[in-house]
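Architecture at a glance
Below, each chain spelled out in residue letters.
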Amino acid sequence: FLDLASRTRDNPEDRVVVFLAGHTAVAEGKDGAFCLLRSDYPFATDWPAGNLVAIRDAEEDRLPADKARAHAIAFADIYNELSRITPLNRLVIVDGCSAQSILRDAAVRRIQDNFARAQLSTRVAYVLGSRSGSPSFEDERLAHGLLTYSLLRGTGGPNLGGKRAEVEKVFLPFATGADLDADGTTTTDELQNFADRTVPPLVTLAVKDMPRGAPGDDPEDLGPRPVMASRSSTSFPLLARPPR
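**Considering the pattern of salt bridges**
Here the structure, examined in full by the defined rule, presents six salt bridges. A salt bridge links Arg-141 to Asp-139; its shortest N-O distance comes to 2.9 Å. Among the ionic pairs, Arg-164 bridges to Glu-166, the shortest N-O distance being 3.1 Å. Given the relative accessible area of 30%, Glu-166 is considered partly exposed.

This is the structure we're talking about:
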């Protein structure tokens, strides 16, 4: 963030994207801190050998405070650094479980309140891969989490694998990717809409391949949808669609 702040100091019109993908959870405590689990997090579940679909959660309803301190990074710490940079347009993408919990994180909301009191004209858009308390999924055949794969497809990501017929059918209606109005520019609003329309069918395809008895295979737990946050007030042009 220090390098980013230095390179964008004189460019308030710039756009900054913070992309987080991996295992996430909400910590115990009244603040409901949304956390990113580090690679040293002590997972207990042994997934069946050859399983192609995995769930990105901490296995507990709430992340114990001792594990949060030792094996996690609070999203509020990242958001606090984000608040110090000059560019006014920021997009936060989280491909992880319970991602919507970011919007309820008390520490994040306090930082947002400070923005409001300072009357800073920042715009923060979110694309979040799951509801509060819901899992997110990754599929080995796609080599990405489902939200990540959807956004890469929507923005012209190169050399993407997993292009099975059933996956291609999901994206067939979107000839111009996430540029839904085909005007050559993708806005954060369009990116959110694209994810909302493509991730759920990808979830359906992934879930049917999960082994019975795997964590999270209760039908009540399945079907996470990207969460749209303040779409009408935060949308801004994000990228130009490359020529075909």
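**Structural notes on unusual backbone geometry**
Apart from glycine, the bulk of residues carry a negative phi angle, and the bulk of peptide bonds sit in the trans form. The backbone of Ser-98 shows a phi angle near 55 degrees, a positive value even though the residue is not glycine. Here Ser-98 is to be found in the loop between β6 (89-95) and α4 (106-117). Within the chain, Ala-143 stands out as a residue other than glycine whose phi angle is a positive 65 degrees. A relative accessible area of 59% places Ala-143 in the exposed class.

**As for the packing of helix α5 (residues 146-154) against helix α7 (residues 188-207)**
In helix packing, the relevant descriptors are the interaxial angle and the interaxial distance, both defined with respect to the helix axes. Contact geometry of α5 with α7 gives a least axis separation of 9 Å together with a crossing angle of 130 degrees. Between α5 and α7, the crossing angle belongs to the class labelled oblique. The two elements α5 and α7 meet at a crossing, and its hand is right-handed. Side by side, α5 and α7 meet where Leu-146, Leu-147, Tyr-149, Ser-150, Leu-151, Arg-153 and Gly-154 of the first sit next to Leu-191, Phe-194, Ala-195, Thr-198, Val-199, Leu-202, Val-203 and Ala-206 of the second. Its residues placed into classes, the contact of α5 with α7 shows eleven nonpolar, three polar and one charged.

**Quick word on the pairing of strand β3 (residues 34-37)**
Alternating residues of β3 divide into Phe-34 and Leu-36 and Cys-35 and Leu-37, and every residue in both groups is buried. Two elements, strand β2 (residues 24-26) and β3, share three bridges in a ladder whose sense is antiparallel. Bridging from a neighbouring strand, Ala-25 pairs with Cys-35 of β3. For β3 and strand β5 (residues 72-74), the ladder comprises three bridges, and the chain directions are antiparallel. Along β5, the bridge assignment pairs Cys-35 with Ala-74.

What counts as what
- Residues numbered from 1 in each chain as written.
- Predicted model: local features only at pLDDT ≥ 70, side-chain atom pairs only at ≥ 80, totals over all residues.
- Heavy atoms only, no water.
- Salt bridge = Lys/Arg side-chain N within 4 Å of Asp/Glu carboxyl O.
- Buried < 20%, exposed > 50% of the residue type's maximum accessible area, 1.4 Å probe, protein only.
- Helix = DSSP H or I, 4+ residues; strand = E, 2+ residues; numbered from the N terminus.
- Axes fitted to C-alpha atoms, helices over the stretch in contact; angles between N-to-C directions.
- Parallel < 35°, antiparallel > 145°, perpendicular 65-115°, else oblique.
- Left-handed = near helix turned anticlockwise from the far one by under 90°.
- Contact = heavy atoms within 4.5 Å.
- Nonpolar A, V, L, I, M, F, W, Y, C, P; charged D, E, K, R; others polar.
- Pairing = 2+ DSSP bridges.

By themselves, these figures tell us nothing about what the structure is for.
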